Amino acid sequence: MSLSSHLTELKKKHEHLSMEIEHAQRSPATDGLRIASMKKQKLKLKEEIGRLSTEEYAV
């Protein structure tokens, strides 16, 4: 898998997770710990995207 396709997949996952978080926040039955966990996961994806983007431009 090339770096650019990997970045594309990570961006898709980040966007999907963002939509899941938004949906979960609107639902009163969603556990706050689950939302916090999803937000942490989203942040990790964002950091990875940033790191790989920097690498892509350095190459």
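Our subject is the structure listed above.
Residues numbered from 1 in each chain as written. Predicted model: local features only at pLDDT ≥ 70, side-chain atom pairs only at ≥ 80, totals over all residues. Heavy atoms only, no water.

1. A short note on the nonpolar core
The tendency in soluble globular proteins is for nonpolar side chains to be buried side by side. We apply this condition: Definition used in this section: a nonpolar core is a set of buried Ala, Val, Leu, Ile, Met, Phe, Trp, Tyr and Cys residues joined via side-chain atoms within 4.5 Å. Exposed residues in this analysis have more than 50% of their type's maximum accessible area, buried residues have under 20%, and partly exposed residues fall in between, with area computed by a 1.4 Å probe over protein chains only. Two residues qualify as a contact provided that any one of their heavy atoms is within 4.5 Å of a heavy atom in the partner residue.
If you look at the biggest cluster of nonpolar residues, it comprises 10 residues: Leu 7, Leu 10, Leu 17, Ile 21, Ala 24, Ile 35, Met 38, Leu 45, Ile 49 and Leu 52. Non-local contacts of Met 38, meaning those with residues more than four positions away in its chain, are made with Leu 17, Glu 20, Ile 21 and Ala 24.

2. Overview of the pattern of salt bridges
Keep this limit in mind: We count a salt bridge whenever a side-chain nitrogen from Lys or Arg sits within 4 Å of a carboxyl oxygen from Asp or Glu. In this text, helices come from DSSP runs of H or I with a minimum length of four residues, and strands from runs of E with a minimum of two, each type numbered from the N-terminal end.
If you walk through the whole model with that rule in mind, you get 4 salt bridges. A salt bridge links Arg 26 to Glu 22; the shortest N-O distance between them is 2.3 Å. Placement of both Arg 26 and Glu 22 in helix H1 (residues 3-26) is noted, with a separation of 4 residues, approximately one turn of the helix.

3. Description of helix H2 (residues 32-58)
Cut-off, in case you're wondering: By this rule the span expected of a helix is its residue count minus one, scaled by 1.5 Å.
The end-to-end C-alpha separation of H2 is 39 Å, in line with the 39 Å expected for 27 residues at 1.5 Å each. Within the span of H2, buried status applies to Ile 35, Met 38, Leu 45, Ile 49, Leu 52 and Ser 53.

4. Side note on the environment of Thr 54
Quick note on the threshold: Throughout this description, a polar contact denotes any pair of N or O atoms lying within 3.5 Å of each other; where both atoms belong to protein, one of them has to be capable of donating a hydrogen while the other can accept it, and for residues adjacent in sequence the pair is counted only when both atoms sit in side chains.
Within the secondary structure layout, Thr 54 lies in helix H2. For the pair Thr 54 and Leu 43, spaced 11 residues apart in sequence, the C-alpha separation works out to 17 Å. Side-chain polar atoms of Thr 54 contact the backbone oxygen of Gly 50, separated by 2.8 Å.

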